[in-house]
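# Secondary and tertiary structure notes
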2 protein chains.
Amino acid sequence: MAPARVGAAGEILNKVNFAAPRRFTTALKSDLKETLFPDDPFHDFKGKPLNVKAKKALKYFVPIFEWLPKYNRKLFMHDLLAGITIASLAIPQGISYAKLANIPPLIGLYSSFVPPLIYSVFGSSKHIAVGTVAASSIIIAATIETKVNPTVNPQLYLNLVFTSTLISGVTQLILGVFRLGILVDFLSHSTITGFMGGTATLICLQQLKGILGLKHFTTHTDMVSVIRAIFKNRKEIRWESTVVGVIFLVFLQFTRFVKQKKPKLFWVSAIGPMVVVTSGCVFAYLAHAEKHGIAIVGHLRKGINPSSLKNLDFDPKYISAPIQAGLITAVIALAEGIAIGRSFAIMENEQIDGNKEMIAFGLMNIVGSVTSCYLTTGCKTQMTNVVMSMCMMLTLFFLAPLFSYTPLVALSAIIMSAMLGLIEYDKAYHLYKTDKFDFIICMVAFFGVAFISMDVGLMLSVGLALLRALLYVARPQSSKLGNIPDTNLYRDVEQYPGAIGIPKTLILQLGSPIYFANSGYLRERILRWVRDEKANKASQGDDVEYVLLDLGGVTSIDITGVETLVEIFRSLEVKEIKVVIVNPRLEVMEKLTVTHFIDKIGKERVFLSIEDAIEGCKFSLTRQRDFGSEEC
Amino acid sequence: MAPARVGAAGEILNKVNFAAPRRFTTALKSDLKETLFPDDPFHDFKGKPLNVKAKKALKYFVPIFEWLPKYNRKLFMHDLLAGITIASLAIPQGISYAKLANIPPLIGLYSSFVPPLIYSVFGSSKHIAVGTVAASSIIIAATIETKVNPTVNPQLYLNLVFTSTLISGVTQLILGVFRLGILVDFLSHSTITGFMGGTATLICLQQLKGILGLKHFTTHTDMVSVIRAIFKNRKEIRWESTVVGVIFLVFLQFTRFVKQKKPKLFWVSAIGPMVVVTSGCVFAYLAHAEKHGIAIVGHLRKGINPSSLKNLDFDPKYISAPIQAGLITAVIALAEGIAIGRSFAIMENEQIDGNKEMIAFGLMNIVGSVTSCYLTTGCKTQMTNVVMSMCMMLTLFFLAPLFSYTPLVALSAIIMSAMLGLIEYDKAYHLYKTDKFDFIICMVAFFGVAFISMDVGLMLSVGLALLRALLYVARPQSSKLGNIPDTNLYRDVEQYPGAIGIPKTLILQLGSPIYFANSGYLRERILRWVRDEKANKASQGDDVEYVLLDLGGVTSIDITGVETLVEIFRSLEVKEIKVVIVNPRLEVMEKLTVTHFIDKIGKERVFLSIEDAIEGCKFSLTRQRDFGSEEC
């Protein structure tokens, strides 16, 4: 070892930094930054002149200024192709999901026109496609149906859908501005997997209505009542519709299969739904399908989005439903936004700030809600919103009526096939293999959603995850260290059986953080370590005289934690065992200083490394110390 | 440094332990043990023959078998003295707290007779005095008054008090048997300080009724309505009562003051209340006090506890109140039990198992509830329960009637002075000085209790504490390490500005635990570290080629955490930066193995120490590695 490390205690102690703690405001400021701006979005603003800063800020908040100047013909040609492809996916999906939300199909098309434009101005990624999603659609439907029956009073129902879109948008905007991404930090992968799987299962079951061509069904979303409804109305099942539906479904699943095998051929699955819809229309038109129990969408009028400003309805009699729907969908959108940001960071290696995306999503839903659009969100695909929304505009102007022949069964097939893709069996199995608790969290979400309701399922799962988070901090791991022969390394003896103990000494490595919720446990545990080690050493005719607490892994400690350390010092002192602490980190050292813990135990009890401590114990720790009995 | 540490990568890697992970059941078992039996109560049962085990078990669960055989005359003489002293405290307190709970004073005396006997059989400490406590008394009163008015229907009210005592007892028993001490791990010192202070303040205010000799008052416990009640009834204030009350209060506070100055004279404050009561009785008897507006307790009949089995009332109409009261008081008792255990561990250095105490408390309340006792709990004092309960029996047989002249004002003074002792200004100030957040938690409890209600105050405070606990895990600290000159130590460069960086290398120490709630943050943070370090090194014409992640301080990781590590590896690999991990601990290594993370990154990327890693980076890490894009 390096010579500087041996020698008198004084020399050793010089290394430990006993600097005065940072001021409260300083600490708070850095904590807040870590909490809300972990990615430090403004990092390259620092030390720039004001006008540059202003320009950067503009580009930051309105990214179109960032990419539009660099836009060129070559990029456009690529975008055009991608745009058309996706539009051909967006049209059938727009219609389908609108049906899912029990609103006129046209609204679905409208929703793929305006919001994408807004996003292309304020959104930061060119890889995010804006459109309606199944999950949000069904959440809105399920919530608002509790207040208004869409078949009895469609207009009021539609108005409430717009209202909830507005509320969701405003909420997203707020979440984004105040950077509350941390709210969804507790929506774990497991929860989301389970939730999505559960929702997908529900939606699939509901589509049986369309596939089987049923007239009557349930408004409830839980599995039991859906299955019961199918069974109750089994008389209405039309074989024609069923056959067509199955054919469509098989075809769509095949296109997905092709995409999986050859990612290059992604466009096959992209245009799949369009093929289904068009062929469906043609078939329905020629075969007069409605006469054979295959219902069709019905008239779709030409023209782009009318204003829906006057439709917004804040009648206190119903408002609770839109608010609930708005909040839930906003939070889910936030979770998805963050998740998308993550996936980009891995794949395209393009940094996306989930918090900031929320601002764009919020704006696009606010504008959407007054232009006859319902809730839209971003989904990850290779596409460009401008082109696709242009295609949508053309569709609305000229082609819309053609789609009026779309058989509902086609829509059901499209939805179903999309949903089947969202059930990740393999993921669940992987969870089961690797982390039983995560698996349970996932299953709770899945069955909660499938059998009770979507929000209950979500809450149960999140609650369970929180409980686990609390257990993490309530029972931090502590381990006994030994010296690995021929090195100056000290490692967990359980992990490295080769590691050998030091005579007269017990070295403990403490987990993090140390604070009120686990300090009681920690005291018990440490006293137990000492007890066991005493017995253990006694068998070798040795005894424990020094306990080294390695705080190197402890990132934070609170008052109760410090008091506990004092307690440990006292109760071991009574047993004539000297305790020293090793390598307290910055925050911990600060807390130890302000609570006068260091003064109490004396600086000679603090070491920078385990080796120093062992040396130090030999030399300096002769005199006893009285810790006084007052609270530290 | 030791020679064995340099050399080819192979040699280095031999040191890391890649053993197969423990089986799920094994891990679960040890986790459960840590969670429920941190103090390992049965440690000295191991490897004993069955009959010895049986004897130990008996002594463990019924400690009287432990101490009774060793009991001797000398011990008894000491106990006798202590017992009498405490009895003289218990009598007036029993009467006072019974008044506080709006039940006949006699019940208070009964409660100091039976429960102490039960505890002396099943309780493990000779330093715990059993008796009624103010907090529980007022909680019971406040809760049951919501259903039944004690003045209108005293018998029913009393029955419900017995019922809640039973429920509390049963709950305590369950908590103890299932060792749910962990439930109160989240009641921090700060919360309890605030809660106790708030309750004490309330009770003090309520005693103004007695001191001022008011006839009418409010049943509400919150500060506002109490003060309003006093103001409303100010006409009824009787100066005689007020004067006497103030005199008593001053006297009692003085005795407390004496005790503080000279702990040896603790008996002064112990008999203080008795002096107040007796002098009060004499005074009231001679001066016919009741004629001068000084109300007295009224007739107390002779004889020991009658049975109250038939009084237990489970009428569904009222049951909700006793249940609520029972649960709250049980949890609070658990918190106190654990706290007492702690304080013993520090002072008498006597290990008390809070969980086990609950069993004794539970039994004594169950028995108490059928012998006309109301809720009792243990408080820490130098005393012996047997002697004191004998004294109480004698009192009940012969002296009870004498106390019927006790002026209510005396009781109020006794309660008030006891409560004043519970408001720990200094503690609160200490919190403010050392930890602002703890201070807030404390204040929330205090004002919540004082202005809203006791349970709301408690919940708010606990909620805040939980929120903080979650923030702890949501934002673990990570820091950049540097080498401390002339040593092989690597420490936080922020803490040790002297520490110097390694060329081409960034060393990061990660906080614990790594899992879903913080993995997103961690990724952001690490990428930010890299970005900043690149900029930093660039200024010195250097670049970042290796990132060392020191996992030494990470105690646990979950799937999302592992996935995040993979993401980090991938996104840095794209930047042509090689990542290696250093010193993963047991649990972490297990999780990394089952998730095939190690296989993915290759064992040559795992090192036992930072120094090894730096060596290793120079030698072995030449070839690129493809992490594949499938989920890990």
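Above this text sits the structure in question.
Residues numbered from 1 in each chain as written. Chains lettered and ligands numbered in written order. Predicted model: local features only at pLDDT ≥ 70, side-chain atom pairs only at ≥ 80, totals over all residues. Heavy atoms only, no water.

### Points about the overall build of chain A
What counts here: Here a helix means four or more residues in a row that DSSP labels H or I, a strand means two or more in a row labelled E, and each is numbered from the N terminus. Contact criterion: two residues are considered in contact whenever any of their non-hydrogen atoms come within 4.5 Å of each other. Throughout, the Shrake-Rupley method with a 1.4 Å probe supplies accessible areas, and for residues the shown protein chains are the sole cover considered. Think of it this way: Lys and Arg go in the positive column, Asp and Glu in the negative one, and His and the chain ends go nowhere. Where a charge lies is defined by one atom per residue type, namely NZ (Lys), CZ (Arg), CG (Asp) and CD (Glu).
Helix and strand content of chain A: 25 helices and eight strands. A sequence separation of at least 24 residues applies to 79% of the contacts in chain A between residues at least 6 apart. Accessible area of chain A: about 25800 Å², with a carbon and sulfur share of 68%. Side-chain charges of chain A comprise 64 positive and 51 negative groups, with the mean position of each set lying 10 Å from the other.

### Some points on the nonpolar core
Residue and element names in this part refer to chain B. Test applied: Only buried residues count toward a nonpolar core, which is a set of Ala, Val, Leu, Ile, Met, Phe, Trp, Tyr and Cys residues joined through side-chain atoms within 4.5 Å. Accessibility here uses a 1.4 Å probe with only protein chains present; expressed as a share of the type maximum, an area under 20% marks a residue as buried, one over 50% as exposed, and anything in between as partly exposed.
Core analysis: the biggest nonpolar cluster contains 91 residues, and Y97, I103, F195, Y374 and M419 have the highest contact counts within it. A total of nine residues in this core trace back to one element, the largest contributor, which is helix α17 (residues 408–420). Here I103 is in contact with A98, Y157, L158, V161 and Y374, once residues within four sequence places are set aside.

### A closer look at helix α18 (residues 425–434) of chain B
Defined as follows: It is the directions from the helix axis to the C-beta atoms whose arc is reported.
Buried within α18 of chain B we find K427, A428, H430, L431 and T434 of chain B. Down the axis of α18 of chain B, the smallest arc covering the buried residues is 160°, so these residues share one side. Counted as exposed and oriented over 90 degrees from the buried face of α18 of chain B: Y425, D426 and Y429 of chain B. Those residues of α18 of chain B that are buried lie in contact with α22 (559–574) and α23 (586–594) of chain A together with α10 (189–212) and α19 (436–452) of chain B.

### A short note on the interface of chain A and chain B
The test is simple: Two parts placed together each lose some accessible area under a 1.4 Å probe, and adding up what both lose gives the buried area. The salt bridge definition used is simple: a Lys or Arg side-chain nitrogen within 4 Å of an Asp or Glu carboxyl oxygen. The definition of a polar contact used here is a pair of N or O atoms within 3.5 Å, where within protein one atom must be able to donate a hydrogen and the other to accept one, and adjacent residues in sequence count solely through side-chain atom pairs. When residues are sorted by character, Ala, Val, Leu, Ile, Met, Phe, Trp, Tyr, Cys and Pro go into the nonpolar class, Asp, Glu, Lys and Arg into the charged class, and all the rest, Gly among them, into the polar class.
On the side of chain B, 103 residues touch chain A, which itself brings 103 residues to the contact. Across the chain A/chain B interface, buried area totals approximately 9100 Å², and carbon plus sulfur atoms make up 55% of it. Counting across the chain A and chain B interface gives three salt bridges. D435 of chain A is paired through a salt bridge with K591 of chain B; the nearest N and O atoms lie 3.3 Å apart. If you look at where chain A meets chain B, you find 16 residue pairs in polar contact (both at pLDDT 80 or more). If one sorts the elements of the side of chain A that touches chain B by residue count, helix α21 (residues 516–538) of chain A sits on top with 10 residues. Of the residues in the side of chain A that touches chain B, the class split is 40 nonpolar, 29 polar and 34 charged.

### Comments concerning the environment of H216 of chain B
Residue and element names in this part refer to chain B. Tracing the backbone shows H216 in the loop between α10 and α11 (223–232). For the pair H216 and H43, spaced 173 residues apart in sequence, the C-alpha to C-alpha distance is 58 Å. The residues contacting H216, other than those within four sequence positions of it, are N233 and E236. A polar atom in the side chain of H216 sits 2.5 Å from the side chain of E236.

### Let's talk about the pairing of strand β5 (residues 505–509) of chain A
Residues and elements named next belong to chain A. Our working definition: One bridge is not enough; two strands pair if DSSP finds at least two bridges between them.
Most of β5 is tucked away: five of the five residues are buried. Here β5 shows a buried face lined by T505, I507 and Q509 and a second buried face lined by L506 and L508. For strand β3 (residues 479–483) and β5, the ladder comprises three bridges, and the chain directions are antiparallel. Considered in β5, the bridge of S479 is made with Q509.

### Quick notes on the sheet that holds β3 of chain A
Residue and element names in this part refer to chain A. Condition: To get an axis, fit a line to the C-alpha atoms, keeping to the stretch in contact for a helix; angles then go from 0 to 180 degrees between the N-to-C directions.
The strand order β4-β3-β5-β6-β7-β8 describes an open sheet built from six strands, whose pairing is mixed. At either margin of the open sheet sits one strand with a lone partner, and together these are β4 (490–492) and β8 (606–607). Pairing analysis gives two bridges linking strand β7 (residues 578–582) to β8, with the strands arranged parallel. Within the sheet, the bridge partner assigned to I581 lies in β8 and is V606. Contacting β3, β4, β5, β6 (546–550), β7 and β8, helix α25 (residues 610–619) crosses the sheet at an angle of about 160° to β6.

### Topic: helix α7 (residues 114–122) of chain A
Turning to α7 of chain A, its buried residues are V114, P115, P116, I118, Y119 and S120 of chain A. Residues of α7 of chain A that are buried make contact with α4 (64–67), α6 (105–110), β1 (128–131), α15 (354–369) and α16 (385–399) of chain A.

### Re the relation of the copies chain A and chain B
Inclusion rule: Least squares is used to superpose the copies, and the fit set is the C-alpha atoms of residues whose pLDDT is at least 70 in both copies.
With an RMSD of 0.1 Å, the operation that places chain A on chain B is a rotation of 180° combined with a shift of 0.0 Å along the axis. On the angle and the small slide along the axis, the relation comes out as a two-fold axis. For chain A, the minimum C-alpha distance to the rotation axis belongs to G553 of chain A and amounts to 1.9 Å. Interface residue correspondence from chain A to chain B reaches 100%, placing this contact among same-surface, isologous pairings.

### Some points on the packing of aromatic side chains
All names here are of chain A. Our working definition: Aromatic pairs are defined between Phe, Tyr and Trp rings, using the six-membered ring for Trp, whenever the two ring centres lie within 6.5 Å; interplanar angles under 30 degrees are classed as stacked, those over 60 as edge-to-face, and all others as tilted.
The full count for this structure, using the stated rule, is 16 aromatic pairs over all chains. Seen in terms of ring centroids, Y60 and F61 are 4.8 Å apart; in terms of plane orientation they differ by 85°. Their pairing is edge-to-face. Y60 sits in the buried class, given a relative accessible area of 15%. Residue F61 is classed as partly exposed on the basis of its relative accessible area, which comes to 43%.

### Considering a nonpolar patch on the surface
Residues and elements named next belong to chain A. The line we're drawing: What goes into a patch is any residue over 30% in relative accessible area without a salt bridge, connected to like charges within 9 Å or, for nonpolar side chains (Val, Leu, Ile, Met, Phe, Trp, Tyr), within 5 Å.
Together, V224, F447, F451, I452, V456 and L460 make up a nonpolar patch on the protein surface, roughly 500 Å² of accessible area in all. Sorting the residues of the nonpolar patch by element identifies α19 (436–452) and α20 (454–474) as the ones contributing at least two each. The dominant element in the nonpolar patch, judged by the number of residues it contributes, is α19, at three residues. Summarising the element assignment, V456 is placed in helix α20.

### Details of unusual backbone geometry
Residue and element names in this part refer to chain B. Even without a glycine there, the phi angle at R179 is positive, about 50°. On the secondary structure map, R179 appears in the loop between α9 (154–177) and α10. Notably, D486 is not glycine yet its phi reads approximately 65°, a positive angle. Tracing the backbone through its elements, the reader meets D486 in the loop between β3 (479–483) and β4 (490–492).

### Digging into the pattern of salt bridges
Applying the stated criterion across every chain, the model contains 21 salt bridges over all chains. Two residues, E533 of chain A and K480 of chain A, come together in a salt bridge whose shortest N-O distance is 2.8 Å. Linking E533 of chain A in helix α21 with K480 of chain A in strand β3, this pair joins segments that are 53 residues apart in sequence. Taken individually, E533 of chain A and K480 of chain A each receive the classification buried, so the pair is uniform in this respect. Residues R523 of chain B and E567 of chain B are paired through a salt bridge, measuring 3.6 Å at the closest nitrogen-oxygen approach. One end of the pair, R523 of chain B, is in helix α21 (residues 516–539); the other, E567 of chain B, is in helix α22 (residues 559–574), with 44 residues separating them in the sequence.

### Overview of the packing of α19 of chain B against helix α20 (residues 454–474) of chain B
Residues and elements named next belong to chain B. The cut-off we apply is this: Oblique is the label for any angle not under 35 degrees, not over 145, and not in the 65 to 115 range, which are roughly parallel, roughly antiparallel and roughly perpendicular in turn. Handedness of a crossing follows from how the near helix is turned relative to the far one, being left-handed for an anticlockwise turn of less than a right angle and right-handed for a clockwise one.
The contact between α19 and α20 brings their axes to 6 Å, and the two run at 160°. Here α19 lies roughly antiparallel to α20, going by the angle between them. Helix-helix and strand crossings are classified by hand; for α19 and α20 the assignment is right-handed. On α20, the residues touching F437, D438, I440, I441, V444, A445, G448, V449 and I452 of α19 are M454, V456, G457, L458, L460, S461, L464, A465 and R468. Broken down by class, the residue content of the contact of α19 with α20 amounts to 13 nonpolar, three polar and two charged.

Shape descriptors only; they carry no functional weight alone.
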